[in-house]
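A structural walkthrough
One-letter residues, chain by chain:
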2 protein chains.
Amino acid sequence: MSVKYFDHIATNPMLPEVFDAMLPYFKEQYGNPMSMYDLGMKAKQAVETAREQVAKLINAKPSEIIFTSSGAESNNFALKGMAMAHQGSGKHLIISMAEHHSVLNTARSLEKLGFVVTYVPVDNHGMVDPETVKKSITKETTVISIIHASSEVGTIEPIKEIAAIAKEHKIVLHTDAVASAGNIPVDVKDLEVDALSLSAHQFYGPKGAAAMYLKTGQRILPLIYGGIQEGGRRAGTENVPAIVGMGKAAELAAADLPKRMAHVKQLRQRLTEGILKIEKVHLTGHPEIRLPGLASFVVEFIEGEGMLLLLLSKGIYAASGSACTSKALKASPVLVSMGVPTSMSHGSIVFSLGIGNTTEAIDSCIEEFPQIVKRLRDMSPFAKEGWGALEASGGHKEGA
Amino acid sequence: MSVKYFDHIATNPMLPEVFDAMLPYFKEQYGNPMSMYDLGMKAKQAVETAREQVAKLINAKPSEIIFTSSGAESNNFALKGMAMAHQGSGKHLIISMAEHHSVLNTARSLEKLGFVVTYVPVDNHGMVDPETVKKSITKETTVISIIHASSEVGTIEPIKEIAAIAKEHKIVLHTDAVASAGNIPVDVKDLEVDALSLSAHQFYGPKGAAAMYLKTGQRILPLIYGGIQEGGRRAGTENVPAIVGMGKAAELAAADLPKRMAHVKQLRQRLTEGILKIEKVHLTGHPEIRLPGLASFVVEFIEGEGMLLLLLSKGIYAASGSACTSKALKASPVLVSMGVPTSMSHGSIVFSLGIGNTTEAIDSCIEEFPQIVKRLRDMSPFAKEGWGALEASGGHKEGA
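Residues numbered from 1 in each chain as written. Chains lettered and ligands numbered in written order. Predicted model: local features only at pLDDT ≥ 70, side-chain atom pairs only at ≥ 80, totals over all residues. Heavy atoms only, no water.

**Focus: the pattern of salt bridges**
Note that side chains of opposite charge can pair when their charged atoms are close. Heads up, the rule is: Between Lys or Arg on one side and Asp or Glu on the other, a salt bridge is scored when a side-chain nitrogen of the former is within 4 Å of a carboxyl oxygen of the latter. For the purposes of this entry, the term helix denotes a DSSP run of H or I that reaches at least four residues, the term strand denotes a run of E that reaches at least two, and both are numbered from the N terminus. Only protein chains enter the accessibility calculation, which uses a 1.4 Å probe; a residue whose area is less than 20% of its type maximum is buried, one above 50% is exposed, and one in between is partly exposed.
Scanning all chains against the criterion turns up 18 salt bridges over all chains. For A:Arg234, the salt bridge is made with A:Glu73, and the minimal N-O distance between the two is 2.8 Å. Separated by 161 residues along the polypeptide, A:Arg234 in the loop between strand 7 (210–214) and helix 8 (240–275) and A:Glu73 in helix 3 (residues 71–85) bring together distant segments of the chain. Of the two residues, A:Arg234 and A:Glu73, neither departs from the other in class, the shared state being buried. Among the salt bridges present, the one from B:Glu251 reaches B:Lys248, with a minimum N-O distance of 3.0 Å. Here B:Glu251 pairs with B:Lys248, and both are found in helix 8 (residues 240–275), just 3 residues apart, close to one helical turn. With relative accessibility at 36%, the residue B:Glu251 sits in the partly exposed group.

**Thoughts on the packing of helix 8 of chain A against helix 12 (residues 359–379) of chain A**
Residues and elements named next belong to chain A. Put simply, the rule reads: Structural elements are reduced to axes, namely lines fitted to C-alpha atoms, with helices fitted over the stretch in contact, and the angle between N-to-C directions of any two is expressed from 0 to 180 degrees. Roughly parallel means an angle under 35 degrees; roughly antiparallel, over 145; roughly perpendicular, 65 to 115; everything else is oblique. Throughout, a crossing is termed right-handed when the near helix is turned clockwise from the far one, and left-handed when it is turned anticlockwise from it by less than a right angle. Between two residues, a contact is recorded if the distance between any of their heavy atoms is within 4.5 Å. Note that Gly is not counted as nonpolar here; it falls among the polar residues with everything else outside the nonpolar set of Ala, Val, Leu, Ile, Met, Phe, Trp, Tyr, Cys and Pro and the charged set of Asp, Glu, Lys and Arg.
Across the interface, helix 8 lies against helix 12 with an axial gap of 9 Å and an inter-helix angle of 15°. By the angle between their axes, helix 8 is roughly parallel relative to helix 12. The two elements helix 8 and helix 12 cross, and the hand of that crossing is right-handed. In contact with Leu 267, Arg 270, Leu 271, Gly 274 and Ile 275 of helix 8, helix 12 contributes Thr 359, Ile 362, Asp 363, Cys 365, Ile 366 and Phe 369. Residues belonging to the contact of helix 8 with helix 12 are distributed by class as follows: 7 nonpolar, 2 polar and 2 charged.

**A word on the layout of surface pockets**
Put simply, the test is: Two kinds of site are reported from a 1 Å grid over the protein atoms alone, namely cavities, where a 1.4 Å probe fits but cannot get out, and pockets, open sets with protein on both sides within 12 Å along at least five of seven lines, and residues are called lining when an atom falls within 4 Å of a point. Grid points are joined across faces, edges and corners, and a volume is the space filled by probe spheres set on the points.
Computed from the structure, the second largest pocket encloses a volume of approximately 400 Å³. Together, 20 residues line the second largest pocket, and A:Leu221, A:Pro222, A:Tyr225, B:Ser109 and B:Lys112 are the ones closest to its centre. Looking at the lining of the second largest pocket residue by residue, the classes come out as 9 nonpolar, 7 polar and 4 charged.

**Description of the interface of chain B and chain A**
Heads up, the rule is: Within 3.5 Å is the distance limit for a polar contact, defined as a pair of N or O atoms, with the added protein rule that one can donate a hydrogen and the other accept it, and that residues adjacent in sequence qualify only through two side-chain atoms.
Chain B puts 59 residues into the contact, and the matching count from chain A is 59 residues. The tally of links from chain B across to chain A stands at 0 salt bridges. Between chain B and chain A we count 14 residue pairs in polar contact (both at pLDDT 80 or more) in total. Of all elements in the fold, only helix 1 (16–26), helix 2 (38–57), helix 3 (71–85) and helix 4 (101–111) of chain B reach the threshold of two or more residues within the side of chain B that touches chain A. Here the side of chain B that touches chain A is built from residues that sort into 28 nonpolar, 22 polar and 9 charged.

**Regarding the environment of B:Val240**
Following the sequence through the fold, B:Val240 ends up in helix 8. Placed 190 residues apart in sequence, B:Val240 and B:Ala50 show a C-alpha to C-alpha distance of 9.5 Å.

**Here's the deal with the domain arrangement of chain A**
All names here are of chain A. This is how the line gets drawn: Domain start and end points were adopted from an automatic or database domain assignment. The buried area of a pairing is the accessible area, by a 1.4 Å probe, that goes missing from both parts when the two are put together, added over both.
The domain boundaries assigned to chain A delineate domain 1 (4–10 + 257–393) and domain 2 (16–253). For domain 1 versus domain 2, the separation of C-alpha centres amounts to 29 Å. Between domain 1 and domain 2, the residue contacts involve 26 residues of the former and 30 residues of the latter. Both sides of the domain 1 and domain 2 interface together cover about 2,400 Å² of buried area, and 62% of this is carbon and sulfur. The three residues of domain 1 that bury the most area against domain 2 are Leu 257, Arg 260 and Leu 291, which together make up 24% of that side's buried surface. The tally of links from domain 1 across to domain 2 stands at 0 salt bridges. Our enumeration of links across domain 1 and domain 2 arrives at 11 residue pairs in polar contact (both at pLDDT 80 or more). The set of elements that each furnish at least two residues to the side of domain 1 that touches domain 2 consists of helix 8, strand 9 (294–299) and helix 10 (333–337).

**A look at the side chain of A:Thr11**
Mapped onto the elements, A:Thr11 comes out in the segment before helix 1 (16–26). Its relative accessible area of 0% is what places A:Thr11 among the buried residues. Looking at A:Thr11, its side chain comes within polar contact range of the side chain of A:His201, at 2.6 Å. Once you skip the residues sitting within four places of it in the chain, A:Thr11 turns out to touch A:Tyr5, A:His201, A:Lys207, B:Tyr30, B:Gly31 and B:Asn32.

**A few points about the sheet that holds strand 6 (residues 195–199) of chain A**
All names here are of chain A. In plain terms, the rule: Two strands qualify as a pair provided that DSSP identifies no fewer than 2 bridges between them.
Sheet architecture is open: 7 strands sit in the order 1-7-6-5-4-2-3, paired in mixed fashion. Taken across any chain shown, the strands that pair with only one partner, and hence form the sheet edges, are strand 1 (65–68) and strand 3 (116–120). Going across the sheet, the axis of each strand differs from the next one's by a mean of 20°, ignoring polarity. Summarising the sheet, strand 5 (residues 172–176) and strand 6 pair through 3 bridges and their orientation is parallel. Considered in strand 6, the bridge of Asp 176 is made with Ser 197. Strands strand 1, strand 6 and strand 7 of the sheet are contacted by helix 2 (residues 38–57), whose axis makes an angle of about 115° with strand 1. Lying on the sheet, helix 3 is in contact with strand 1, strand 2 (92–96), strand 4 (141–145), strand 5, strand 6 and strand 7; it crosses strand 7 at an angle near 30°.

**Notes on the confidence of the model for chain A**
All names here are of chain A. For clarity, the cut-off: The pLDDT value expresses, per residue, how confident the predictor is, ranging between 0 and 100.
Overall, the prediction assigns chain A a mean pLDDT of 93, with 93% of residues at 70 or greater. Low confidence marks residues 387–400, where pLDDT is under 50. Its contacts with residues over four positions away, or in another chain, come to 21 contacts. Taken together, the chains of this predicted complex give a pTM of 0.94 and an interface ipTM of 0.92.

**Quick look at unusual backbone geometry**
All names here are of chain A. Backbone geometry places Glu 192, a non-glycine residue, at a positive phi of 55°. Tracing the chain through its elements places Glu 192 in the loop between helix 7 (188–191) and strand 6. For Glu 192, a relative accessible area of 38% translates into the label partly exposed. Look at Lys 280: it is not a glycine, yet its phi comes out positive at around 55°. Of note, Lys 280 is situated in the loop between helix 8 and strand 8 (281–283).

**Concerning the sheet that holds strand 8 of chain A**
All names here are of chain A. In spatial order, the strands read 8-9-10; together these 3 strands make up an open sheet with antiparallel pairing. Bordering the open sheet on either side are strand 8 and strand 10 (348–352), each of which pairs with just one other strand. Each strand axis lies, on average, 25° off the axis of its neighbour in the sheet, ignoring direction. Bridging between strand 8 and strand 9 involves 3 bridges; their strand directions are antiparallel. Looking at the pairing, Leu 283 lines up with Phe 297 of strand 9. Along the sheet, helix 8 contacts strand 8, strand 9 and strand 10; its crossing angle with strand 9, the most-contacted strand, is approximately 15°. Where helix 9 (residues 304–313) meets the sheet, its contacts fall on strand 9 and strand 10, and the angle it forms with strand 10 comes to roughly 40°.

**Focus on the environment of A:His263**
Residue and element names in this part refer to chain A. Position of His 263 relative to the elements: it lies in helix 8. Distance from His 263 to Thr 359, taken between C-alpha atoms, is 9.6 Å for residues 96 residues apart in sequence. Those residues in contact with His 263 that lie beyond four places of it in its chain are Gly 354, Ile 355 and Asn 357.

**A few points about helix 8 of chain A**
What counts here: The span one expects for a helix is its residue count, reduced by one, times 1.5 Å. A residue's bend is given by the angle between axes fitted to the 7 residues ending at it and the 7 residues starting at it.
Along its 36 residues, helix 8 of chain A runs just 43 Å from first to last C-alpha, ending more than 12% under the 52 Å computed at 1.5 Å per residue. Taking the largest bend as the criterion, helix 8 of chain A deviates by roughly 70°, centred on A:Asp256, and proline A:Pro258 comes between one and four positions later.

**Brief notes about the environment of A:Val373**
Residues and elements named next belong to chain A. Secondary-structure assignment places Val 373 in helix 12. On the basis of relative accessible area, Val 373 is assigned to the buried category, the value being 1%. Taking the C-alpha atoms as reference points, Val 373 and Gly 306, separated by 67 residues in sequence, lie 9.0 Å from one another. Apart from the residues within four sequence positions on either side, Val 373 is in contact with Ile 278, Val 299 and Ile 302.

Okay, structure coming up:
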């Protein structure tokens, strides 16, 4: 791993122990878990062991874990599957403006099927107010989906409080814990959610394996129909090696969580302190209630794209939620909802730290970044004139 | 691989070259293809190379390949996505009784959304009659989905003829080529289909990678909404190693197809000849127009489960479409549609051969199998009394 890889929110390098656990299932143990002979049964056993490991990570029962192929699939499955299962009781859904695109765009697709969706805003820390959720509830509300922790601004949402409200109104609650599960404690019993999405490559597991927790007794319609894999709830030949890797990664994450959190937290605090010394740079998200390894900022007068390119020239990998650098070419809904001016949101920069990062790497970033900002600002007419000039010029249209 | 693994239709052992191609993408090349730096771009390039390899296997353009996680996902995506995209023009769909559960059950889920589905029967060779498809077309028909080759009886369906009919009526045609692509020539231009599903682990590639061919200009709604991966048609972080493996497996299959087909065909013919020497054993599916490596039979008076267990005791792996051995516990719709009496369908046995199988392994099966049949028949009262006795006794209910 590059020592200055600070984009763990995009994906994590896999741990060697995880790869080693997967290895036999690529080779001699190639059976299909649905086959009723030894080769198949060994594959099936491996999947069931992984199910126990993943369940343990989030304090669920193994039977409450449904394996999927990605966090996006889990989110689509949860929101759509529960909305469709409950549509006899109503067709109103509530999500927040901090949701990942896989929840946001699933909600939009449901609108086309006649569902009504309320998009609750976030405050300037990126936080959803449970009271706003409560006020949005109608007699038709059947499903609420609120992200556990934002991958863009790091804020951890008050899921437990929202769950209490949902429970009171007999509404099912899903939370997208893709960015949080395996990185901070996630306990489905404590959170009292009905469904939760998590993804292996966010906690040093493989790509291609993810899961959805579905509380015992909760109704859902499948997203993928076919065979009776995953208790008839998700068809398709199980990706055995990836599922085994997810299990191993979950086991390791559960064991090492406090250590990992402490490690990335002190690095993040060090980085944040260093970066906030630069003028006109603002932390985004909640200052305390946030993912321990995620440091997110907006830098005035310059753009995410330029920062990423110059960081890269120094071997530093980061991300940006700004329009010009994400391939989706849209302004970040969460930054907009937080009240960050569109002009300023162009200067979004996100450093997401991992267990392989070191103090030296952070210090190198702290040393390089102010120079990068200075260089870009020196090149930018807007650093002196302000963004007003730019906006008057018609630049930076969404999608530009 | 076990030398007597004759269940390649369940899954294939992966080729060592495929694993070697995947290896770097588990380790140093762990980037997310959506990231705009070198690590991400290398992953993206690897995905695009795989897209070219898969496209070449089926004579498609790379832009017409959408990666998914399984053949089941591709089938759900194709049928549901096209049905939903075209529902403004009508809500009638046509599928056959030879379809895989992932098409059959998706069709059933669409019925619940107000679609009307015609299930065209097959003849006693498991063959769909294009004229029957033609007669089923109404003004409301928008999508036809017919399997390319049956994984249960091996029959290759007359897709080209059905495509001509579909084209004439401006109806889109999907074919499930999961069992055929990579095992026999599949040319989307020649078949003139609008969409086609294929899966890597059916041609010695990894589990967790599959694809859908979607003809340029064809409309579809996503099954998984979210980010803009796969041209906005299928969200979720790409399973880079598995996709790379699928590409390599496609490249190898394209290069070796005639050799592989010749190998499994002569083994299948040898096996079929040997097995049909046993009394009261019948070949299922078309005698000639069939998957070269798939030998399928019904054995009168005994059950698939018993045969599989005794075969296994001799180290021979096979499958059965019968109710008691498939975990789905349902009588095989294709056998029922073919007119195989329910009682006889319990004696279904399927040997699917692969490139690692040898003449010696086949000969061993030919030697063992008659003894297994004899042993089971000796134990069975029905071998003398016939199945009528059994049915009168109330045994063998569906799902039993």
